[in-house]
Amino acid sequence: NFSAFAALNMLRQVAQQNNDKKLEAEITDIMNKIEDYFKKYAFNKEEGVFYQGGFYVDGQFRPSKDFAVDCQTWGVTVLGGAWIDKQFGDGTAYKIWQNTKDRSGYIEDGALKGVGFSDTHDILSSEWSFGAVLMAKSLSFNYKTSHPDWSGNLEKDANAVRVGIETLKVKLPDGSISYKYA
């Protein structure tokens, strides 16, 4: 849903640039329905994280109990801190990141180096950590004026994770550079 929402947002921008009001309205309608899903079902208010997903049984939504890091980092990146905080309360987006670090932060020598996939602290994933860097930088910008202390903490985390990911960097036989997945 987060990825579909991001893709629709890009498509809506193209419709706006092409002055296609009909297409823009159709896309906006779909996006509004997805936003309703995010508001009503996707956020676990008790744990302060987004659900990994779920399914419907007899017309009732049953959220997945699995925790997924990318649902937090990509979700915050796509929706933006301002939207999340407006829907669920000031600081919610920041707290999602804090909860994510608490549940899956990869800590080495007392320092945050990245994140894994789920509820574990023994996996460092380059892909999911790159997503965390993107989210932290975006959120840092969002909180720069309203919460400069949070903004600074997010920037610090983004920089620490970016350095931590370098431990997964490898030089391939052809001389190109890649990163181990985890």
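Before reading on, note that the structure itself is shown above.
All of the points below concern the structure found in this document. What you see is a predicted model; the values in this text were computed from it and never measured.

1. Some thoughts on the overall build of the protein chain
No. 1: Within the protein chain, the secondary structure is distributed over 7 helices and 8 strands.
No. 2: Considering only C-alpha atoms, the protein chain reaches an extent of 50 × 40 × 40 Å along its principal axes.
No. 3: By the burial criterion, 42% of the 182 residues in the protein chain qualify as buried.
No. 4: The long-range fraction of contacts in the protein chain, counting pairs at least 24 apart against all pairs at least 6 apart in sequence, stands at 50%.
No. 5: Carbon and sulfur atoms make up 52% of the accessible area of the protein chain, which totals about 10200 Å².
No. 6: Charged side chains of the protein chain number 21 positive and 24 negative; the gap between the two group centres comes to 3 Å.

2. Brief notes about helix α5 (residues 92-104)
No. 1: With 13 residues, α5 should reach 18 Å at 1.5 Å per residue; the first-to-last C-alpha distance of 18 Å fits that figure.
No. 2: Buried within α5 are the following residues: Thr92, Ala93, Tyr94, Ile96, Trp97, Thr100, Lys101, Arg103 and Ser104.

3. Some thoughts on the environment of Lys45
No. 1: Note that Lys45 resides in the loop between β1 (43-44) and β2 (49-50).
No. 2: In sequence terms Lys45 and Phe88 are 43 residues apart; their C-alpha atoms lie 8.0 Å from each other.

4. Things to note about the pattern of salt bridges
No. 1: Per the counting criterion, the structure on display carries 8 salt bridges.
No. 2: Lys101 is the partner of Asp157 in a salt bridge, and the nearest nitrogen-oxygen pair spans 2.7 Å. One end of the pair, Asp157, is in helix α7 (residues 148-165); the other, Lys101, is in helix α5, with 56 residues separating them in the sequence.
No. 3: The buried category is assigned to Lys101, whose relative accessible area is 19%.

About the cut-offs
- Every chain begins its residue count from 1, and numbering advances along the sequence as written.
- Only residues with pLDDT of at least 70 get local features here, since the model is predicted, and only at 80 or more are side-chain atom pairs given and counted; chain-wide, interface and lining totals rely on the full set of residues.
- For the side-chain quantities, the full set of heavy atoms in the structure was used; hydrogens and water were omitted.
- Secondary structure follows DSSP: runs of H or I at least 4 residues long count as helices, runs of E at least 2 residues long count as strands, and numbering of each begins at the N terminus.
- Burial classes follow relative accessibility: with a 1.4 Å probe on protein chains only, a residue under 20% of its type's maximum area counts as buried, one over 50% as exposed, and anything between as partly exposed.
- The contact criterion used is simple: two residues touch if any of their non-hydrogen atoms lie within 4.5 Å.
- Each accessible area is a Shrake-Rupley estimate made with a 1.4 Å probe; only the visible protein chains count as cover when residues are assessed.
- In this tally, Asp and Glu contribute negative charge and Lys and Arg positive charge; neither His nor the terminal groups of the chain are included.
- By convention, the charge on Lys lies at NZ, on Arg at CZ, on Asp at CG and on Glu at CD.
- The span expected for a helix works out to 1.5 Å for each residue beyond the first.
- Any carboxyl oxygen of Asp or Glu that lies within 4 Å of a side-chain nitrogen of Lys or Arg is treated as forming a salt bridge with it.

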